[in-house]
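Spelled out from the first residue to the last, the chains are:
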Amino acid sequence: MLEALDRLGLRENTVVMFTSDHGDMQGSQGLINKGLPWEESSHIPLVVRTPGGAQGAVVDDLVSGVDFFATCVDYAEMPTEPSVEGDSFASMIAEPTKTLNRPIFSEMKPWCMVREGAFKLVVQKEGFKVSHLFDLENDPYEMDNLLDKPEHTEVQKRLFGVLQAWYERVSN
C-alpha cells in the first residue's frame with residue numbers, strides 16, 4: 001500500500017490505518033470463535049502511519065471502533081459532528097505519551113462491557129446483571145473474577161453506573 005502511495009505521490013499526505021473488526025478466542029478460556037467479552041475476542045490490533053508521525057511508538061491507551069470516524073474527520077481538518085459517538089485518537093498518534101483517559105464500551109447481543117483504565121466490567125443484558133469484573137493490569141488473562149469482592153465494591157459500583165448510563169443512552 002505504501003509503495004502505491006509513493007507511486008501516486010500521496011504518501012506524505014495520507015494517513016494509513018490497519019485494524020481488524022474483532023479478535024478470536026483460539027482456545028483461550030477453553031473457547032473458540034468470536035463475539036465474547038474476553039480480551040482475546042474484543043481486543044484488536046491497530047497500526048497507524050501518519051506523515052511525519054512518531055515511528056515505532058507503542059501506545060497502550062484504549063481506542064474503540066467508534067473513534068475511527070472522529071479521527072478521520074480530525075485528520076481531514078473538518079468540523080466535528082456532535083451526533084457521532086467516539087473521540088479522535090489523532091492526538092495520541094502525534095504524541096504517543098498522551099492518553100484519552102475515558103471509558104471504552106463494547107457489546108454483543110447477550111452482553112455489554114466497559115473498560116476504564118485497568119478495570120473491565122461485563123454485564124449480561126437480560127436483567128442487566130453483572131457477571132465479571134477484572135483488573136487487567138494484575139490479571140491480563142482474566143482468570144480472577146473480582147465480582148462482589150469487598151475491596152472492589154466501589155470500582156464495581158462506579159463502572160456499573162458508567163455502563164448503565166451508556167447503555168440507556170445508546171439503546172434508545
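Residues numbered from 1 in each chain as written. Predicted model: local features only at pLDDT ≥ 70, side-chain atom pairs only at ≥ 80, totals over all residues. Heavy atoms only, no water.

### Thoughts on the overall build of the protein
The criterion, for reference: Every helix listed is a DSSP run of H or I at least four residues long, and every strand listed is a run of E at least two residues long, numbered separately from the N terminus. Relative accessibility decides the category of a residue: with a 1.4 Å probe and only protein chains considered, values under 20% of the type maximum give buried, values over 50% give exposed, and everything between is partly exposed. What makes two residues a contact is simply this: any of their non-hydrogen atoms within 4.5 Å. We get accessible surface area from the Shrake-Rupley algorithm with a probe of 1.4 Å; when it comes to residues, only the shown protein chains can shield them. His is not counted here, nor are the chain ends, while Lys and Arg score as positive and Asp and Glu score as negative. Throughout, a charge is located at the NZ atom of Lys, the CZ atom of Arg, the CG atom of Asp or the CD atom of Glu.
Secondary structure assignment for the protein yields 5 helices and 6 strands. Ordered by position from the N terminus, the helices and strands of the protein form the series α-β-α-β-α-α-β-β-β-β-α. Considering only C-alpha atoms, the protein reaches an extent of 55 × 35 × 30 Å along its principal axes. Residue burial in the protein is summarised as follows: out of 172 residues, 32% are buried. Nonlocal contacts in the protein, meaning residues at least 24 apart in sequence, comprise 45% of its contacts between residues at least 6 apart. Counting every atom, the protein has about 10900 Å² of accessible surface; 54% of that belongs to carbon and sulfur. Looking at the protein, you have 15 positive and 28 negative side-chain charges, and the mean spots of the two groups are 3 Å apart.

### Some words on the sheet that holds strand β3 (residues 104-107)
Counted only if it meets this: Strands pair, by our definition, only if DSSP identifies at least two bridges between them. Think of each axis as a best-fit line through the C-alpha atoms, taken over the contacting stretch in the case of a helix, with angles from 0 to 180 degrees between the N-to-C directions.
In spatial order, the strands read β3-β4-β5-β6; together these 4 strands make up an open sheet with antiparallel pairing. Only two strands of the sheet have a single neighbouring strand rather than two, namely β3 and β6 (129-135). Within the sheet, the average angular offset between the axes of one strand and its neighbour, ignoring direction, is 15°. Direction of pairing for strand β5 (residues 119-124) relative to β6: antiparallel, over a ladder of 6 bridges. Of the residues in β6, the one forming a bridge with Gln124 is Lys129.

### Topic: the pairing of strand β4 (residues 111-116)
Here is the key point about a regular strand: its side chains alternate between the two faces of the sheet. Burial analysis of β4 places 5 of its 6 residues in the buried class, which makes it a mostly covered element. Sheet analysis places β3 next to β4, joined by 4 bridges and oriented antiparallel. Bridged to Glu107 within β4 is Cys112. The loop that links β3 with its antiparallel partner β4 comprises 3 residues. The pairing of β4 with β5 spans 6 bridges and is classified as antiparallel. By the bridge assignment for β5, Cys112 is matched with Val123. Between β4 and β5, which follow one another and run antiparallel, lie 2 residues, and Gly117 among them has a positive phi close to 60°.

### A short note on the pattern of salt bridges
Going by this rule: In what follows, salt bridge is the name for a side-chain nitrogen of Lys or Arg lying within 4 Å of a carboxyl oxygen of Asp or Glu.
Enumeration according to the criterion identifies 9 salt bridges in this entry. A salt bridge links Arg102 to Asp87; its shortest N-O distance comes to 2.6 Å. Placement of the pair is Arg102 in the loop between α4 (90-94) and β3 and Asp87 in the loop between α3 (67-75) and α4, with a sequence separation of 15 residues. Connected through shared salt-bridge partners, Asp67, Asp87 and Arg102 make up one network.

### Remarks on α3
Each α-helix winds once per 3.6 residues, and so residues spaced three or four apart point in a common direction. Of all the positions in α3, only Asp67, Phe68, Ala70, Thr71 and Val73 are classed as buried. Tucked into the core, α3 has its buried residues touching β1 (16-19), β2 (46-49), α4 and β3. Looking one or two residues past α3, Glu77 carries a phi angle of roughly 55°, positive in sign.

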